[in-house]
Amino acid sequence: MHSLEALLKMENINICAVTETWFKAPESTPAIPGYNSYHTFRPPNQDRNTKGGGVSIFTKDIHTSRLVAQHNASEILQVQLTLGKTAIQIVACYRSPTMPQDSHSSFLDVLENIRVQPNTLIMGDFNYPTINWENYSCTNSFAQYFLEFINSNALDQLN
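Residues numbered from 1 in each chain as written. Predicted model: local features only at pLDDT ≥ 70, side-chain atom pairs only at ≥ 80, totals over all residues. Heavy atoms only, no water.

**Student:** Now, about the packing of aromatic side chains: what can you tell me, with residues and values included?
**Tutor:** Counted according to the given criterion, the structure contains five aromatic pairs. A ring pair is formed by Tyr-128 and Phe-146, whose centres lie 4.6 Å apart and whose planes are at 20°; its orientation type is stacked. One end of the pair, Tyr-128, is in the loop between β7 (120-125) and α3 (141-152); the other, Phe-146, is in helix α3, and 18 residues separate them in sequence. One exposure class covers both Tyr-128 and Phe-146, and it is buried. Members of the aromatic cluster, joined through ring pairs, are Phe-107, Phe-126, Tyr-128, Phe-146 and Phe-149. The lysine or arginine in question, Arg-95, covers the ring of Tyr-128, its NZ or CZ lying 4.2 Å from the ring centre. (Phe/Tyr/Trp six-rings, centres within 6.5 Å; stacked < 30°, edge-to-face > 60°. Helix = DSSP H or I, 4+ residues; strand = E, 2+ residues; numbered from the N terminus. Buried < 20%, exposed > 50% of the residue type's maximum accessible area, 1.4 Å probe, protein only. Lys NZ or Arg CZ within 6 Å of the ring centre and 35° of its normal.)

**Student:** Can you break down the sheet that holds strand β1 (residues 15-19) residue by residue, with the values?
**Tutor:** Taken in spatial order, the three strands of this open sheet run β1-β3-β2, and their pairing is antiparallel. In this open sheet, the two strands that pair with only one neighbour each are β1 and β2 (35-40). Within the sheet, the average angular offset between the axes of one strand and its neighbour, ignoring direction, is 15°. Pairing of β2 with strand β3 (residues 55-60) involves six bridges; the strand directions are antiparallel. Pairing of Thr-40 across the sheet is with Val-55, part of β3. Sheet strands in contact with helix α1 (residues 2-10) are β1, β2 and β3, and its direction is about 155° off that of β1. (Pairing = 2+ DSSP bridges. Axes fitted to C-alpha atoms, helices over the stretch in contact; angles between N-to-C directions. Contact = heavy atoms within 4.5 Å.)

Shown next, in the form of structure tokens:
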């Protein structure tokens, strides 16, 4: 975690989202001086193994930020950051590549219920290797549902 703290300060980063934090409980999360932090924790036995998972968002404490929603079971974290007079909604997600079908449905339901606004940034590790981002096609029904979410909200994939 010391290298994350050094990177945030050296590069003067205002917003940082981290997936697969592996934090198990609030007491295991680091405090980074000069930053507010928000976290999700993978519930025990959610996935085939309990390693991995978890999402964190760090925001510079010179900006006003607040937790909007924390979805531990779906590993989705939603924070509002205010920069001057502009509110930005930051959504960070982690979808395990071994996520069971019922959990996948819950994950997508949470994403569907997020009110996507012009100043919304959705980022994370979605683990949809079957999606062809050049022509927005896929061979997997889970990935197809995710693509429909992307298209219905006029979102773009950035690497």
